[in-house]
Amino acid sequence: MPGHGSPDSAEPDAGFTELGFDSLTVVELRNRLNYATGLNLSATVPFDHPSPRALGEYLRERLCPPETDPAPRLLAELDAETA
């Protein structure tokens with residue numbers, strides 16, 4: 001991170017600009033996240049989610065969507081087969 005000795009020294013709820021990011025480092029962050037995750041993130045993703053915590057939560061949602069309970073769908077399919 002710009003101007004920080006380690007990731008642990010950065011406040012997770014501080015804005016990226018407060019943490020020393022400028023427009024070039026925000027683009028570099030987005031590019032590295034694209035590479036690391038395999039996602040195609042927009043150029044505005046760090047501005048849309050302007051803190052490390054907010055961006056992390058967004059990435060978690062994209063990479064690990066909540067599982068949906070298949071039981072209602074399966075029960076409906078079973079009911080349809082027996083009808």
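You'll find the structure just up there.
Summary of the structure given here. This structure is a prediction, so every number in the text was calculated from the model and none was measured. (Residues numbered from 1 in each chain as written. Predicted model: local features only at pLDDT ≥ 70, side-chain atom pairs only at ≥ 80, totals over all residues. Heavy atoms only, no water.)

1. Some remarks on the environment of Arg 53
Now for step 1: If you trace the backbone, Arg 53 turns up in helix H3 (residues 52-63).
Now for step 2: Judged by its relative accessible area of 39%, Arg 53 falls in the partly exposed class.
Now for step 3: Put simply, Arg 53 and Pro 12 are 41 residues apart on the chain and 5.1 Å apart in space, counted from C-alpha to C-alpha.
Now for step 4: Not counting the four nearest positions on each side in its chain, Arg 53 is found in contact with Pro 12 and Asp 13. (Helix = DSSP H or I, 4+ residues; strand = E, 2+ residues; numbered from the N terminus. Buried < 20%, exposed > 50% of the residue type's maximum accessible area, 1.4 Å probe, protein only. Contact = heavy atoms within 4.5 Å.)

2. Quick notes on the pattern of salt bridges
It is possible for side chains bearing opposite charge to pair when their charged atoms get close.
Now for step 1: Per the stated rule, a full pass over the model turns up 2 salt bridges.
Now for step 2: Note that Arg 53 is salt-bridged to Asp 13, the shortest N-O span being 2.6 Å. Of the two residues, Arg 53 is situated in helix H3 and Asp 13 in the segment before helix H1 (23-37); the sequence distance between them amounts to 40 residues.
Now for step 3: Close ionic contact of Glu 28 with Arg 32 constitutes a salt bridge, the shortest N to O distance being 2.8 Å. Here Glu 28 pairs with Arg 32, and both are found in helix H1, just 4 residues apart, close to one helical turn.
Now for step 4: Of the residues examined, Arg 32 reaches a relative accessible area of 56% and is grouped as exposed. (Salt bridge = Lys/Arg side-chain N within 4 Å of Asp/Glu carboxyl O.)

3. A look at the nonpolar core
Now for step 1: One finds Phe 21, Leu 29, Leu 33, Leu 41, Leu 55 and Leu 59 to be the most contacted residues of the largest nonpolar core, which totals 13 residues.
Now for step 2: Within the residue set of this core, elements represented by two or more residues are H1 and H3.
Now for step 3: The element best represented in this core is H1, accounting for 3 residues. (Core = buried A, V, L, I, M, F, W, Y, C linked by side-chain atoms within 4.5 Å.)

4. What to know about the packing of aromatic side chains
Now for step 1: One pass over the full model with this rule turns up 1 aromatic pair.
Now for step 2: The interplanar angle of 75 degrees and the centroid separation of 5.2 Å between the aromatic rings of Phe 16 and Phe 21 together place this pair among those described as edge-to-face. (Phe/Tyr/Trp six-rings, centres within 6.5 Å; stacked < 30°, edge-to-face > 60°.)

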